[in-house]
Amino acid sequence: MESPTGRRRTAGWIVAARIHRVARGLVGLIALQALVAAYWQVWRGPHLAQDPRNPRLLLAEERVHRGAILDRYRAPLAQTQFTAGRPVRVYPAGPLFAHLVGYRNLRLGKTGLEAALDPVLLGVKRRTPWEVFQETLARRLRRGLDVVLTVDPEVQRAAYRALGGRAGAVVVLDSRDGAVLAMVSAPAFDPNAVERTWEALRKDAGSPLLNRATHGRYPPGSTFKVVTMAAALSRRIATPKTTFFCPGFVAVRGQRITDGEGRAHGPVTLEDALVVSCNVAFVQLGLRTGGQTLREFAAAFGIGTQLPFELPTDPGHLPTPAEVAGDGVAQMAFGQGSLLVTPFQMAVVAATIARGGVLPKPYVVAEVQTPEGRVAERHRPDAGERILAAEVAEILRDTMVEVTSRGTGRAAAIPGVAVAGKTGTATTPGGAPHAWFIGFAPAHTPRVAVAVLVEHGGSGGQTAAPIAREVLVRALQRIP
């Protein structure tokens, strides 16, 4: 039988063991708390400091002279003025750059580059939340950083004017390095009056708040034929001289697909099929090439993915393997079916061919400057990724020159300048087709690539090609 002393000793050991376990648990909790705090303060802290949803940023804005957004010639596209001691954002260009630059409004928030570059414009890009909070408490007026864009106001104005009030988009790239020279979406809105006109803008059936250049999703129509041709040439499924027979229509699993203009071209080579935009020949080519290969090359051009860019972009829709089975591949081959793209993506397609098969990485921010005008950051263009052999890109380029000289894109021709292009007339459920044009110039020493989309504009050759011509002429005058 255990003595009273032994029982007390045993009870003491039990209590000590429990205290030891509790102590170890507390130490573990403290260590875990320290790790969590370190994660949020050290690892995630800079990201949170830059998040536009951070309430400390909203508080800080009242004490910050927000940086300006400037065009390539340092003219302001967005700047801050103070009225009764409060910062007011002003947009000197009005609707011209509305979708690209966006707006900043305390009640409605931020869009466009105003949102994407918020930490830079507030000057908190590399500041911790504690530093921001200290400046807020000290009530010091701090000047944000200025951002210099690559856009040319005259090219932007030419694109806006050429659309002529029609719904659509124009994207212009410097094909040499991917710099955005113009990005127009119509209809537009006045960012200076966005709060006053908000209800009307929100209810407008024309969707003026939508950036059609980066978020408009459209079937590409015959502009996609350059991707189909690139895939077939790359996989040696066809050559430029491969001949197809066009009786004016083709039946695929009981579905009748007609030529774009309802004409029978008879025997037609692949290069001539692109020049006259023969749907029947491209259906046959697509069936030979196969849905998986078409999907692979479309993805390589950036379709179905969010292109890396300072602004968010819509990925469009790359048909799934199931969607390109059977007649799906026939539809995709000439840019119809479930395939959806943005004008921004198609400008990249044109620029890739212009660059000899090297996919560019588009950008619109050239520099970030301090309030004193010193360059804090300068964009270093990426060399890009080769997705096509140079000889394939050369065949596409030469054939696209034929499109504008004797084919469907003659309205885009510029006297004395070789223009490479491709038209598109994309059918839609109800309403007139969408009109497309993609291209670049000068064809053999490219400087400028363009994509034009006119919603329900009808024929790409009659509607989009003349717009592209106006824009290319102005861009070539402006960009050395």
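Described in the following lines is the structure provided in the data block.

Here we come to the state of the cysteines. Applying the stated criterion across every chain yields a total of zero disulfides. Unpaired in this structure, Cys246 has its nearest cysteine sulfur neighbour in Cys278, at a distance of 3.5 Å. By relative accessible area, Cys278 is classed as buried at 0%.

Leu149 and Val364 are the most contacted members of the largest nonpolar core, which totals 99 residues. The biggest single contributor to this core is helix H16 (residues 343–354), with nine residues. The residue makeup of this core includes at least three contributed by each of domain 1 (55–150) and domain 2 (155–189 + 200–364 + 383–478).

Turning to a nonpolar patch on the surface, a few remarks are in order. Among the surface-exposed residues, Val22, Leu26, Leu29 and Leu32 lie close enough to one another that they form a single nonpolar patch of about 390 Å² accessible area. Topologically, Leu26 is positioned in helix H1 (residues 4–43).

Looking at where Val275 falls in the secondary structure, it is placed in helix H12 (residues 270–275). Remark: the alpha-carbon pair of Val275 and Val403, spanning 128 residues in sequence, is separated by 4.5 Å. Among all residues touching Val275, those that are not within four sequence positions of it are Thr399, Glu402, Val403, Arg406, Gly407 and Thr408.

Each packed pair of helices is defined by two parameters, the angle between the axes and the distance between the axes. Direction vectors running N to C along helix H11 (residues 225–234) and helix H13 (residues 279–289) enclose 40°, while the axes themselves pass 10 Å from each other. If you check the angle between H11 and H13, you find them oblique. Read as a crossing pair, H11 and H13 show a hand that is left-handed. Two secondary-structure elements touch here, H11 through Lys225, Thr228, Met229, Ala231 and Ala232 and H13 through Asn279, Phe282, Leu285 and Thr289.

Moving on: the side chain of Thr352. Within the secondary structure layout, Thr352 lies in helix H16. Leave out the neighbours within four places in its chain, and Thr352 touches Phe301, Gly357, Val358, Leu359, Pro360 and Ile387.

Along any regular strand, the residues point their side chains to alternate faces of the sheet. Where strand S3 (residues 76–83) lies against strand S4 (residues 86–90), five bridges are found, and the strand directions are antiparallel. For Thr83, the partnering residue across the bridge sits in S4 and is Arg86. The hairpin turn running from S3 into S4, its antiparallel successor, is two residues long, and Ala84 in that turn takes a positive phi close to 55°.

Our next topic: the sheet that holds S3. Spatial strand order, S4-S3-S2-S8-S16-S17: six strands in an open sheet with mixed pairing. Edge positions in the sheet fall to S4 and strand S17 (375–378), since each of these pairs with one other strand and no more.

To continue, consider the sheet that holds strand S19 (residues 420–426). In a beta sheet, neighbouring strands are held together by backbone hydrogen bonds and run either parallel or antiparallel to one another. Spatial ordering of the open sheet is given by S10-S9-S21-S20-S19, a layout of five strands whose pairing is antiparallel. Whereas interior strands pair on both sides, the edge strands pair on one side only; in this sheet they are strand S10 (180–186) and S19. Strand after strand, the sheet turns through a mean of 5° between neighbouring axes, direction not considered. Here strand S9 (residues 168–174) pairs with S10 via six bridges, running antiparallel. Residue pairing for S10: Val170 is matched across the bridge by Val184. Here helix H8 (residues 153–163) sits on the sheet in contact with S9, S10 and strand S21 (448–454), set at roughly 30° to S10. This element, H16, spans S9, S10, strand S20 (434–441) and S21 of the sheet and lies at about 30° to S20.

Calculation notes
Residues numbered from 1 in each chain as written. Predicted model: local features only at pLDDT ≥ 70, side-chain atom pairs only at ≥ 80, totals over all residues. Heavy atoms only, no water. Disulfide = S-S within 2.5 Å. Buried < 20%, exposed > 50% of the residue type's maximum accessible area, 1.4 Å probe, protein only. Core = buried A, V, L, I, M, F, W, Y, C linked by side-chain atoms within 4.5 Å. Helix = DSSP H or I, 4+ residues; strand = E, 2+ residues; numbered from the N terminus. Domains from an automatic or database assignment. Patch = residues over 30% accessible without salt bridge, like charges linked within 9 Å, V, L, I, M, F, W, Y side chains within 5 Å. Areas by Shrake-Rupley, 256 points an atom, 1.4 Å probe, with all protein chains shown as cover. Salt bridge = Lys/Arg side-chain N within 4 Å of Asp/Glu carboxyl O. Contact = heavy atoms within 4.5 Å. Axes fitted to C-alpha atoms, helices over the stretch in contact; angles between N-to-C directions. Parallel < 35°, antiparallel > 145°, perpendicular 65-115°, else oblique. Left-handed = near helix turned anticlockwise from the far one by under 90°. Pairing = 2+ DSSP bridges.

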